[in-house]
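Summary of the model geometry
Listed below, chain by chain, are the residues.
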Amino acid sequence: MIELSNISKEVLEAGTRIPILNRINLSIHRGEFVSIMGPSGSGKSSLMNILGSLDVPTSGDYLFEGTNIQRLGGKQLADFRNQRLGFVFQSFMLIPRLSVKDNVEVPLLYSTYNKKERKRRIKEALEQVGMIHKAKEPIINLSGGQKQKIAIARAIINDPDLLLIDEPSGNLDAASKEEVLEIFLSLNDRGKTIVLVTHDQEVARIGKRILILKNGEWFKPEKGEQ
Ligand SMILES: Nc1ncnc2c1ncn2[C@@H]1O[C@H](COP(=O)(O)OP(=O)(O)O)[C@@H](O)[C@H]1O
Ligand SMILES: [Mg+2]
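Below, the structure is looked at part by part. Because the structure is a prediction, the values reported are computed rather than measured. (Residues numbered from 1 in each chain as written. Chains lettered and ligands numbered in written order. Predicted model: local features only at pLDDT ≥ 70, side-chain atom pairs only at ≥ 80, totals over all residues. Heavy atoms only, no water.)

A few points about the sheet that holds strand E5 (residues 67–68)
Here is the rule we go by: Two strands pair if DSSP finds at least two bridges between them. Runs of H or I in DSSP of at least four residues are treated as helices and runs of E of at least two as strands, each being numbered from the N terminus.
In spatial order, the strands read E2-E1-E4-E5; together these four strands make up an open sheet with antiparallel pairing. For this open sheet the edge positions go to strand E2 (16–28) and E5, each flanked by a neighbour on one side alone. Both strand E1 (residues 2–13) and strand E4 (residues 59–64) contribute to a ladder of five bridges, which runs antiparallel. Along E4, the bridge assignment pairs Leu 4 with Tyr 62.

Structure below.
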């Protein structure tokens, strides 16, 4: 599904080139659940932004089902993100004063579905995260764990192929964290491909494959070293 080859990212700061990712290779098959771990500042979010086509690498290639993502134009790229990808962030990125259902509907605003189909999708997405009873509640009335579930419902509303999840539990208490991780596992069981980045070992462990990023490069622990 995904093939990253020699992906590097540099940023310019006061005329100096700062390396953030260094020749990253990564293959992900459809249906996989990959966790990427690494300390703060190791480049996890930068890599996610490239996978999400929210940022472009300085060099290297990103193929998604054989399509070179860097060659897509603005409209094609927007459609790719909207139809094929779902995003979940630490900070939820919800619209506080809107209701749960209006937040979940946001990715459908660009679609041609009729009202009935929208309603069906909103209901199904909210049921999958166990939040249908909060459909009419404004976001500001929800706890952190509830907000993250709504963010997940929004991420799956277009039935994306790939879920990109960045530090999902950073703002959650232990019980909500457990519930949110269960939702990710059930989505993966239903066939969603997942890439999850976290600095939290407990969270990373739910992935079926765990990779470690350090200083913008893959890190291979020696035997006995963690
Ligand atoms: N646009 C940018 N300009 C300058 N430095 C950046 C930029 N984006 C990321 N960085 C730096 O790159 C490193 C990796 O950042 P990030 O990908 O956010 O790491 P992580 O998500 O693993 O904490 C950090 O040192 C960060 O400060
Ligand atoms: Mg990060």
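A word on the sheet that holds strand E8 (residues 193–198)
To keep things clear, this is the line we draw: The contact rule is simple, with two residues in contact once any of their heavy atoms fall within 4.5 Å. All axes here are fitted lines through C-alpha atoms, helices being fitted over the stretch that makes contact, and every angle between N-to-C directions spans 0 to 180 degrees.
Strands sit in the order E6-E7-E8-E3-E9-E10 across an open sheet of six strands; the sheet is mixed. Pairing within the sheet leaves two strands with one partner each, and these edge strands are strand E6 (85–89) and strand E10 (217–218). Looking at chain direction, strand E7 (residues 162–166) and E8 are connected through five bridges and run parallel. Paired with Leu 163 across the strands is Ile 194, a residue of E8. Against the sheet, helix H5 (residues 144–156) engages E6 and E7, with an angle of about 165 degrees to E6.

A closer look at the nonpolar core
To be explicit about the condition: Only buried residues count toward a nonpolar core. Its members are Ala, Val, Leu, Ile, Met, Phe, Trp, Tyr and Cys residues joined through side-chain atoms within 4.5 Å. Accessible area is worked out with a 1.4 Å probe on protein chains only. A residue is then buried under 20% of its type maximum, exposed over 50%, and partly exposed in between.
Of all hydrophobic cores here, the largest spans 34 residues; its most connected members are Val 104, Leu 126, Ile 150, Ile 152, Phe 184 and Leu 196. Ranked by the residues each element gives to this core, the list is headed by H5, at six residues. If we skip the residues at most four places from it in the chain, Ile 152 touches Val 88, Val 129, Val 180, Ile 183, Phe 184 and Leu 187. The next biggest cluster of nonpolar side chains, apart from the first, holds 27 residues, and it includes Leu 4, Leu 47, Leu 51 and Val 195.

Observations concerning unusual backbone geometry
Even without glycine at this site, Asn 6 takes up a positive phi of about 50 degrees. Looking at where Asn 6 falls in the secondary structure, it is placed in strand E1. In this structure, Glu 167 takes a positive phi of about 50 degrees despite not being glycine. Relative to the helices and strands, Glu 167 resides in the loop between E7 and helix H6 (174–189). Relative accessible area serves as the criterion here: at 12%, Glu 167 is assigned to the buried category.

Digging into the pairing of E8
Test applied: Here a crossover is taken to be right-handed if, once the strands point away from the viewer, the path from the first strand over the helix to the second is traced clockwise.
For E8, a buried count of six out of six residues is recorded, marking the element as mostly surrounded by other parts of the structure. On E8, burial covers both faces: Thr 193, Val 195 and Val 197 on one face and Ile 194, Leu 196 and Thr 198 on the other are all buried. Looking at chain direction, strand E3 (residues 33–37) and E8 are connected through five bridges and run parallel. Pairing of Ile 36 across the sheet is with Val 197, part of E8. For the segment spanning E7, H6 and E8, crossover handedness is right-handed.

Some words on the side chain of Ser 169
One can find Ser 169 in the loop between E7 and H6. Judged by its relative accessible area of 10%, Ser 169 is buried. Setting aside chain neighbours within four positions, we find Ser 169 in contact with Lys 177, Asp 200 and Val 203.

With respect to the pattern of salt bridges
Applicable threshold: Salt-bridge detection follows one rule: a side-chain nitrogen of Lys or Arg within 4 Å of a carboxyl oxygen of Asp or Glu.
Enumeration over the complete set of coordinates arrives at 19 salt bridges. Salt-bridge contacts for Glu 179 lead to Lys 149; the nearest nitrogen and oxygen are separated by 2.4 Å. Remark: Lys 149 occurs in helix H5 and Glu 179 occurs in helix H6; sequence separation between them is 30 residues. Exposure remark for Glu 179: the relative accessible area of 40% places this residue in the partly exposed category. Overall, the relative accessible area of 11% leaves Lys 149 in the buried class. Counted as one network, the salt bridges with shared partners bring together Arg 30, Glu 65, Arg 84 and Asp 161.

Quick look at the site of ligand 1
We apply this condition: Put simply, a residue is near a molecule or strand once any heavy atom of it comes within 4 Å of that molecule or strand. Polar contact is defined as a pair of N or O atoms within 3.5 Å, subject to the rule that within protein one atom must be able to donate a hydrogen and the other to accept it, and that residues adjacent in sequence are counted only when both atoms are side-chain atoms. Residue burial considers only the protein chains on display, and all accessible areas are found by Shrake-Rupley using a 1.4 Å probe. Gly is put with the polar residues, along with every residue not named as nonpolar or charged; the nonpolar set is Ala, Val, Leu, Ile, Met, Phe, Trp, Tyr, Cys and Pro, and the charged set is Asp, Glu, Lys and Arg.
The full set of residues close to ligand 1 is Val 11, Glu 13, Ile 20, Pro 39, Ser 40, Gly 41, Ser 42, Gly 43, Lys 44, Ser 45 and Ser 46. Gly 43 has a polar backbone atom sitting 3.1 Å from an oxygen atom of ligand 1. Here an oxygen atom of ligand 1 and a side-chain polar atom of Ser 46 are 2.5 Å apart. For ligand 1, the protein covers 56% of the area, taking 560 Å² as the surface of the free molecule. Looking at the shell around ligand 1, the elements with two or more residues in it are E1 and helix H1 (44–51). If one sorts the elements of the shell around ligand 1 by residue count, H1 sits on top with three residues. Each residue belonging to the shell around ligand 1 can be placed in one class, and the counts come to three nonpolar, six polar and two charged.

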